[in-house]
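Residue-level structural notes
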Amino acid sequence: MRRERSSRVDLLAVLIVHAGHRIDAPDRSTPRFPELYADSIPERLAVLLIAFGADRVVTAASAGADLLMLQAAARVGVATTIVLPLEVDDFRQRSVDDHGNPWSRWFDEALAAADEVVIDDLAREDEWFLLGNEVIIDVAAQRATGVPLVV
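Residues numbered from 1 in each chain as written. Predicted model: local features only at pLDDT ≥ 70, side-chain atom pairs only at ≥ 80, totals over all residues. Heavy atoms only, no water.

All right, on to the sheet that holds strand E3 (residues 79-84) then. Judged by pairing direction, the sheet is parallel, and its four strands sit side by side in the order E1-E2-E3-E4 without closing on themselves. Of all strands in the sheet, those with a lone pairing partner are strand E1 (15-17) and strand E4 (116-119), marking the two edges. Strand-to-strand, the axes of this sheet are offset by a mean angle of 15°, without reference to chain direction. (Pairing = 2+ DSSP bridges. Helix = DSSP H or I, 4+ residues; strand = E, 2+ residues; numbered from the N terminus. Axes fitted to C-alpha atoms, helices over the stretch in contact; angles between N-to-C directions.)

Here it is in structure tokens:
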């Protein structure tokens, strides 16, 4: 399912800003995002990207909804900007590798395929993961044209 790009120039690009949950750790007592749902999510997100006419997705790349969104964007030909709140190796260790493969492999694939990777270094901040969402919003605002639509 690949979205065909129009040859006309759009005056307003559709930019999707995404922040999602990490996949549940195996020992999580109350399920929030069990890994068993991961297989069906990229196709659903791809439908959403097509429905909105997305031109770019701005997101992080944690094991969970972030990487699944990046897979969906790749599936339908939507450009991606990955925003990491930590240096790549540090982010990978804290937010991806604890879930092992296939998440670690998907992280490598997403970084290699990204149209843009923005790296901040919030490692000294206790709540780097929350501040990372602010960085995602700032990066998206810098790349946005037109009036934002929040869904």
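There's plenty left to go through after this.
The subject of this paragraph is helix H5 (residues 128-143). For H5, spanning 16 residues, the distance from its first C-alpha to its last is 22 Å, which sits close to the expected 22 Å at 1.5 Å a residue. Those residues of H5 that sit buried are Trp128, Gly132, Val135, Ile136, Val139 and Ala140. All buried residues of H5 fall inside an arc of 135° around its axis, so they share one side. Seen from the open side of H5, the exposed residues pointing more than 90 degrees away from its buried face are Ile137 and Ala141. Residues of H5 that are buried sit in contact with E1, strand E2 (56-59), E3, helix H3 (88-95) and E4. (Expected span 1.5 Å × (residues − 1). Buried < 20%, exposed > 50% of the residue type's maximum accessible area, 1.4 Å probe, protein only. Arc of directions from axis to C-beta. Contact = heavy atoms within 4.5 Å.)

The next subject is the packing of H3 against helix H4 (residues 103-113). Between H3 and H4, the least distance of the axes is 11 Å, while the angle of their chain directions is 145°. As for how H3 packs across H4, the hand of that crossing is right-handed. Contacts between H3 and H4 involve Val88, Phe91 and Arg92 on the former and, on the latter, Ser104, Phe107, Asp108 and Leu111. Taken together, the residues of the contact of H3 with H4 break down into four nonpolar, one polar and two charged. (Left-handed = near helix turned anticlockwise from the far one by under 90°. Nonpolar A, V, L, I, M, F, W, Y, C, P; charged D, E, K, R; others polar.)

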